[in-house]
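Take a look at the letters that make up each chain.
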Amino acid sequence: MTSPAFLGALCLALSCLGGAHGLWRSDDLEWSKLIMVHHWPATVCQEVESHCKDPPNYWTIHGLWPDKSEVCNRSWPFNPKEIKDLLPDMRRYWPDLLHPSNYSHQFWSHEWKKHGTCAAQLDALNSQRKYFGKSLDLYKALALTSMLQKLGIEPSTDHYYQVSDIRDALVSVYKVVPKVQCFLLEKGQEVQLLGQIELCFSKDLQLWNCSHAAEPAAHRQEAWPNLGLHVCEDGPVLYPPLNETKL
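One structure accompanies this document, and this report is about it. Just so we're clear, the structure is a prediction, and the values are computed from it rather than from any experiment. (Residues numbered from 1 in each chain as written. Predicted model: local features only at pLDDT ≥ 70, side-chain atom pairs only at ≥ 80, totals over all residues. Heavy atoms only, no water.)

Quick look at unusual backbone geometry now. The residue Val-71 is not glycine, and still its phi comes out positive at about 50°. As for its position among the elements, Val-71 is in the loop between β2 (60–66) and α3 (87–93). You will see that Leu-205, though not glycine, has its phi angle at about 65°, which is positive. Topologically, Leu-205 is positioned in the loop between β5 (192–201) and β6 (207–208). (Helix = DSSP H or I, 4+ residues; strand = E, 2+ residues; numbered from the N terminus.)

See the structure below:
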């Protein structure tokens, strides 16, 4: 797999001067879909219990990721001033669960550099304001937390769901196939934990099927290289409530 460092260097070497920030124009960095990644704070915080502080009790944004390219423009740094008007919603719906003390700027900077600079090939996402603003719009339109509640899928300590039931329920609402991800079982755990749900969009920002096979391995773990996120195996899964996790 081509490394992010190589891709970034390639972009600069090709002098892709498509705009003020040198937006790339290389087929090597083309992507076909966007992945809206939601993570469940209760599960994340159970896996990294020493880091979380007052996590929210609703699905939050992990990121909006092009499916194949990363770090497309190293000369375009994150500037929080460009999203100043979005900060209330960013802090609420896109918090850094692992490092809450840094006001999430480091997390957002990471998401912009790694994913936003590649998503910026679309006119609808070609600035930091547009990228983060449209991500928030898509998140709110999907309304995953309330949608799961309406489907009767709610956090519980005494009830296991079948992965296929969760996936099929989401298909019935969104009319596309999502990707449901879990944390790997550790010694002493009896069932996998629901950790992340991905819903995909085409380049014209229409819902699109997610493909299990085509996703690069780096996307499966992303910001948590020591944790075992993977596509859930068919079978039972625990969707843990926040107050039952070890924070």
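The subject of this paragraph is the packing of aromatic side chains. Centre-to-centre distance and the angle between the planes together describe a pair of aromatic rings. Following the criterion strictly, the structure yields 12 aromatic pairs and no others. With centroids separated by 5.2 Å and ring planes inclined at 45°, the aromatic side chains of Tyr-93 and Tyr-139 adopt a geometry described as tilted. In this pair, Tyr-93 is assigned in helix α3 and Tyr-139 in helix α5 (residues 128–142), connecting sequence segments 46 residues apart. Of the residues examined, Tyr-139 reaches a relative accessible area of 8% and is grouped as buried. These aromatic residues form a ring-pair network of at least three members: Trp-76, Phe-78, Trp-94, Trp-112, Tyr-131 and Phe-132. Over the ring of Trp-31 we find Lys-203; its NZ or CZ atom is 4.9 Å from the centre of that ring. (Phe/Tyr/Trp six-rings, centres within 6.5 Å; stacked < 30°, edge-to-face > 60°. Buried < 20%, exposed > 50% of the residue type's maximum accessible area, 1.4 Å probe, protein only. Lys NZ or Arg CZ within 6 Å of the ring centre and 35° of its normal.)

What makes a disulfide is a covalent bond joining the sulfur atoms belonging to two cysteines. For the structure on display, the rule yields 4 disulfides. Across a sulfur-sulfur distance of 2.0 Å, Cys-72 and Cys-118 are joined as a disulfide pair. Judged by the sign of its S-S torsion, about 100°, the bond between Cys-72 and Cys-118 is right-handed. Here the residue Cys-72 occupies a position in the loop between β2 and α3, and Cys-118 occupies one in helix α4 (residues 105–119), the gap between them amounting to 46 residues. Like Cys-118, Cys-72 is buried. (Disulfide = S-S within 2.5 Å.)

What is shown is where atoms sit, not what they do.
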